[in-house]
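In case you want the letters, here they are:
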Amino acid sequence: MAATAPADDKVDPKVIKTGLILVVGFIAVVFDTTIVSVALHTLSRDLNATVSTIQWITTGYLLALGMAVPLSTWALRRFGGKRLWMFALTVFLVGSIGSSLAWNVDSLIAWRVVQGVGGGLLFPVLTTLIMQAAGGKALGRTVTLIALPALLGPILGPLVGGAILTHLSWRFMFWVNVPFCLVGLVLAAKYLPRDAVAPVRPKLDVLGFALLAPGIAALILGLSNAGTAAGFGHPAVVIPLAIGVALMLAFCLYALRKIEPLADIRLFAKRPVASSSAVLFFSGFALYGAMLLLPLFYQEARGATPLSAGIMLIPQGIGALLCRGIVGRLTDKIGARPIAMVGFVIIAVSTIPFCYADPKTNSWLLALWLLLRGIGLGTVTIPVMAVAYLGLDKAQIAHASVLTRTAQQIGGSFGTAILAVILESAAAAHHGDITAAFNVAFWWSVGFAGVAVLLSLWLPGRPGRPVRRDAAAAPAVAPAVVRT
């Protein structure tokens, strides 16, 4: 019989167990991304490569990652969660070992592409498996498990990367991933439930993949070039962006007519998915763009070494980590909309001091503002990710993971590219005064956070209590009633 779920539903211990098993392996991906981001200058010097060439160590990884994400929906149905997770983690492990043994810049780029394929599969699979295990209950607290690696990365990644670059060879950056991958594989093999055999093997949507994957890659390539080319008007930016937009539009038209598309964009008709994807996309301007500015500000405007810059950014990661528990509970209690709005306000306010900062500004004062900014980051991330899964059944969760991940990745690339162009233009306008240029770029970041506050009004309001149904009739994720 139907019964009302208690309002204080807690995260099922089985969900916690699944989450912790998966998080151990996924930490390798987060560490890799944050560590490599501080190493490009060192790699350019040690591998005797130009800046434009060395940038492909990051760009190639992002392109492969973006193209692999859409495959997760088909691969999950074809091979099952456990086998796909272990396969993706193994691919990432092989790519990490290959990167550490790279003999020149070309081989390093190639191995980074291998890493990107594994990493692109890992994130949507992680999200899908944990959300399916949660069954639609305590979504905010469940997302705190998914967000844990992303919150730990800013704390330990730059610090570990800076220490390695200061005292060891850059090759050790990739060996850091190996123990996490190995332990993650052992835990997954032993404790993840066995995959059920699909009665009918689903066919890969080849045409859909041929449209969507290159479309994502072209958009990311164009946005990556925007930061190094002469703004958004350069052919190296305009042509990939035009191709990417055309392919994405073609995929949308195709997917609307197909019964089982590679990524079901019909989910955008659901307000939780559409609003979460929109906010995640625009958060790239308010969050990820500033994440690019901060380490550069400390290194270029204040003369810090990579290790010192990593240490100075630790308070931001600590702030994000400290608030995750209470934010998860509040999201389940009062809904995503007010939490996200408050988070973006905190981000905007705590970024303003950097609009006035210079080499003489007190480092401890900036650290306090970074701590507050980290609290804002954690406050935004958890509710916006959680709300996307309201009212979805088991099959829809995998598609929502792809849609939100793609929106977040493209938005992050877009935000980073725009702020990189703003920084370069501001430096030219201020005749090379790099501190003044950073001040201008930080003001833009504050403005983007303000716009994100308004966009958060679209998020669903306080969720109602989910309804439990008879086991035979219940969908994998109980639909949630949203009060607007």
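Keep in mind it's a predicted model, so treat the numbers as computed, not measured. (Residues numbered from 1 in each chain as written. Predicted model: local features only at pLDDT ≥ 70, side-chain atom pairs only at ≥ 80, totals over all residues. Heavy atoms only, no water.)

Focus on the overall build of the protein
- A tally of helices and strands in the protein yields 20 helices and 2 strands.
- Scored against the burial criterion, the 484 residues of the protein give a buried share of 57%.
- For the protein, contacts bridging at least 24 residues in sequence account for 81% of all contacts bridging at least 6.
- For the protein, the exposed surface amounts to about 20100 Å²; the carbon and sulfur share of it is 69%. (Helix = DSSP H or I, 4+ residues; strand = E, 2+ residues; numbered from the N terminus. Buried < 20%, exposed > 50% of the residue type's maximum accessible area, 1.4 Å probe, protein only. Contact = heavy atoms within 4.5 Å. Areas by Shrake-Rupley, 256 points an atom, 1.4 Å probe, with all protein chains shown as cover.)

Points about the nonpolar core
- Counting residues in each nonpolar core, the largest one holds 110 residues, and the members touching the most others are Trp 85, Phe 251, Phe 297, Tyr 298 and Phe 344.
- Setting aside its immediate chain neighbours within four residues, Tyr 298 contacts Gly 303, Ala 304, Ala 309, Met 312, Leu 313, Phe 354, Leu 366 and Leu 370.
- In this structure, Ala 49, Ile 57, Ile 109 and Trp 170 belong to the second largest nonpolar core, which totals 22 residues. (Core = buried A, V, L, I, M, F, W, Y, C linked by side-chain atoms within 4.5 Å.)

A closer look at the packing of aromatic side chains
- This model, assessed by the stated rule, comprises 13 aromatic pairs.
- Where Phe 26 meets Phe 123, the ring centres are 5.6 Å apart and the plane angle is 45 degrees; that geometry is what we call tilted. Placement of Phe 26 in helix H1 (residues 13–36) and of Phe 123 in helix H7 (residues 105–134) is noted, with a sequence separation of 97 residues between them.
- Overall, the relative accessible area of 6% leaves Phe 26 in the buried class.
- Residue classification places Phe 123 among the buried positions, given a relative accessible area of 12%.
- With 5.8 Å between their ring centres and 75 degrees between their planes, Phe 297 and Phe 438 make a pair best called edge-to-face. A residue pair is termed long-range when its members are at least 10 positions apart, and Phe 297 in helix H13 (residues 271–301) and Phe 438 in helix H20 (residues 434–455) qualify at 141 residues.
- Given the relative accessible area of 0%, Phe 297 is considered buried.
- Connected via pairs of aromatic rings, a cluster forms that spans Phe 297, Tyr 298, Phe 354, Phe 438 and Phe 442.
- The ring of Tyr 61 is capped by Arg 112, whose NZ or CZ atom sits 4.2 Å from the centre of that ring.
- If you follow Arg 405 out to its NZ or CZ, it ends over the ring of Phe 123, 4.7 Å from the centre. (Phe/Tyr/Trp six-rings, centres within 6.5 Å; stacked < 30°, edge-to-face > 60°. Lys NZ or Arg CZ within 6 Å of the ring centre and 35° of its normal.)

With respect to helix H4 (residues 56–68)
- Along its 13 residues, H4 runs 17 Å from first to last C-alpha, staying within 8% of the 18 Å computed at 1.5 Å per residue.
- Along H4, the positions that sit buried rather than exposed are Ile 57, Thr 59, Gly 60, Tyr 61, Leu 63, Ala 64, Leu 65, Gly 66 and Ala 68. (Expected span 1.5 Å × (residues − 1).)

Quick notes on helix H12 (residues 235–257)
- Compared with an ideal rise of 1.5 Å per residue, which puts 23 residues at 33 Å, H12 spans 33 Å between its outermost C-alpha atoms and is within 8% of the ideal.
- Buried residues of H12: Val 237, Pro 240, Leu 241, Gly 244, Phe 251, Tyr 254 and Ala 255, and no others.
- At its buried positions, H12 is contacted by helix H11 (206–226).

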